[in-house]
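# Observations on the model geometry
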Amino acid sequence: MAVSSGNPQAPTPAEADGAKPERESALTVIVAFGSNLVVAAAKTVAAVVTNSAAMLAEATHSWADTANEVFLLVAQRRAALPPDDRHPLGYGREVYVWSMFAGLGLLAVGAGVSITHGIRELVDPTPADNFLVAYLTLAVAAIAETVSFTRARRQLRETAERTRRSLWGQVMRTSDPTVRAVFLEDYSALIGLAIAAVGIAANQVTGSTIPDAIGSILIGVLLAVIGFVLVDRNRSFLVGEVADDWVWNAALKNLLDQPEVARVTRLVVSTVGAGQLFVTAAVDLAGEPGESAASAQLAALERRAQQWQGVVKAEFTLSRPGEEALQPH
């Protein structure tokens, strides 16, 4: 919904946050799910045919990613539930719970299996063969992962340009954990494919299974790093991370654009879901209205603010005597 503001150019806080509409993020996850499912099946067959430790690590990686997309789809469905008496701010934070499960899946399944299998191959090596099958599978996987990665990257870059962040800044700061998870999973998948290709090629050239096993371990370490990043970002949002300065400034500007607001002395913008915000503020009202009129104006201001895109709840009070007016960060 468009912002109700005296300045039509002022972005709503949610627009400043940069989170995309739910349908667009859902489509990004669906594309990633289809890509990972096909790739996981192909890598599994190739792992059986070639006996490659790195290929098995890649198959595990893709199956973990596929399962994670299911978590992300559940996350979006649960987070879309409307507010009720028990959850007045809605269910937006559910998206971080389920996205954290996805990060834990990469840590426990993807990283754990890949590292364990790589170590086992170092101790008790199994000769690999049918290298052409491995190369063809990696090539097909690279194409599929690139398609999914390109979509996630495009979604993030569009919002990064609007919020004046770098691409990686948008990846880490966006309140939408689903597109962050897809981007990082696909990014790590492309790196993992390169590691697997090098390990398998070194195995073929030298006849030693050690490079292949080391490739499996390196893929596991990569997954552990990505999994940790995803878990940590979701943990921060679950604890109650405030929106960054870009979003805070947008909220301040929108409040100051309201005709009854003379100044704002306190403002907190909390993230309660993907593109969902809880805004609390203390304001001075223009004209120094009486208690009854001030109460009515604050209630009207809250209703108007809750029509801004992404604001699920707004609570405003009168400023205390002596409080200084806020300035943009």
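The following paragraphs examine the structure supplied in this document. (Residues numbered from 1 in each chain as written. Predicted model: local features only at pLDDT ≥ 70, side-chain atom pairs only at ≥ 80, totals over all residues. Heavy atoms only, no water.)

### Digging into the pairing of strand β1 (residues 261-273)
Of the strand pairs in this sheet, β1 and strand β2 (residues 276-285) are connected by 10 bridges, and their pairing is antiparallel. If you follow Val261 over to β2, its bridge partner there is Leu285. (Pairing = 2+ DSSP bridges. Helix = DSSP H or I, 4+ residues; strand = E, 2+ residues; numbered from the N terminus.)

### A few points about the environment of His329
Considering the arrangement of structural elements, one finds His329 in the segment after β3 (311-318). Judged by relative accessible area, which is 56%, His329 ranks as exposed. Separated by 85 residues in the primary sequence, His329 and Asp244 have C-alpha atoms spaced 9.9 Å apart. Of the polar contacts made by the side chain of His329, one reaches the side chain of Asp245; its length is 3.0 Å. (Buried < 20%, exposed > 50% of the residue type's maximum accessible area, 1.4 Å probe, protein only. Polar contact = N/O pair within 3.5 Å; in protein donor to acceptor, adjacent residues only side chain to side chain.)

### Topic: the nonpolar core
Within the largest apolar cluster, 36 residues are counted, with the highest numbers of intra-cluster contacts made by Met55, Phe183 and Ile200. Mapped onto this core, the elements with two or more residues apiece are α2 (22-50), α3 (53-79), α4 (94-123), α5 (131-163), α6 (167-173), α7 (177-206) and α8 (210-239). Every residue in contact with Ile200, bar those within four places of it in the chain, is listed here: Ser52, Ala54, Met55, Phe131, Ala134, Tyr135, Leu138 and Asp212. Ranked by size, the runner-up nonpolar core spans 23 residues in total, among them Ala243, Leu277, Ala294 and Trp308. (Core = buried A, V, L, I, M, F, W, Y, C linked by side-chain atoms within 4.5 Å. Contact = heavy atoms within 4.5 Å.)

### Concerning the packing of aromatic side chains
Per the counting criterion, the structure on display carries nine aromatic pairs. For the pair Phe71 and Trp98, a centre-to-centre distance of 6.1 Å together with 35° between the ring planes defines the contact as tilted. Of the two residues, Phe71 sits in helix α3 while Trp98 sits in helix α4, which places them 27 residues apart along the sequence. Ring geometry for Phe183 versus Tyr187: centroids 6.2 Å apart, planes at 5°, classification stacked. Of this pair, Phe183 and Tyr187 both sit in helix α7, four residues apart, which is roughly one turn of that helix. According to the relative accessible area criterion, Tyr187 is partly exposed, its value standing at 33%. Members of the aromatic cluster, joined through ring pairs, are Phe149, Trp168, Phe183 and Tyr187. (Phe/Tyr/Trp six-rings, centres within 6.5 Å; stacked < 30°, edge-to-face > 60°.)

### Section: unusual backbone geometry
Positive phi is not limited to glycine here, since Asn51 has a value of about 60°. If you trace the backbone, Asn51 turns up in the loop between α2 and α3. A positive phi is found at Glu288, a non-glycine position, where the angle reads about 50°. Tracing the backbone shows Glu288 in the loop between β2 and α10 (291-305). With a relative accessible area of 74%, Glu288 lands in the exposed category.

### A short note on the sheet that holds β1
In sheet architecture, strand pairing relies on hydrogen bonds along the backbone and comes in two forms, parallel and antiparallel. One open sheet holds the three strands; their spatial order is β1-β2-β3, and the pairing between them is mixed. Single-partner strands in this sheet number two, and they are β1 and β3. When the angles between neighbouring strand axes are averaged without regard to direction, this sheet yields 15°. Relative to β3, β2 is paired through seven bridges, and the arrangement is parallel. Paired with Val283 across the bridge in β3 is Leu318. Contacts between helix α9 (residues 245-256) and the sheet are confined to β1, β2 and β3, with β1 contributing the most and set at about 140° to the helix. Helix-sheet contacts for α10 involve β1, β2 and β3, and the interaxial angle to β3 is about 160°. (Axes fitted to C-alpha atoms, helices over the stretch in contact; angles between N-to-C directions.)

### Some words on α3
With 27 residues, α3 should cover 39 Å at 1.5 Å per step; its first-to-last C-alpha distance of 39 Å lies within 8% of that length. Between a side-chain oxygen at the N-terminus of α3 and the backbone nitrogen of Ala54 the separation is 3.4 Å; the capping residue is Ser52. (Expected span 1.5 Å × (residues − 1).)

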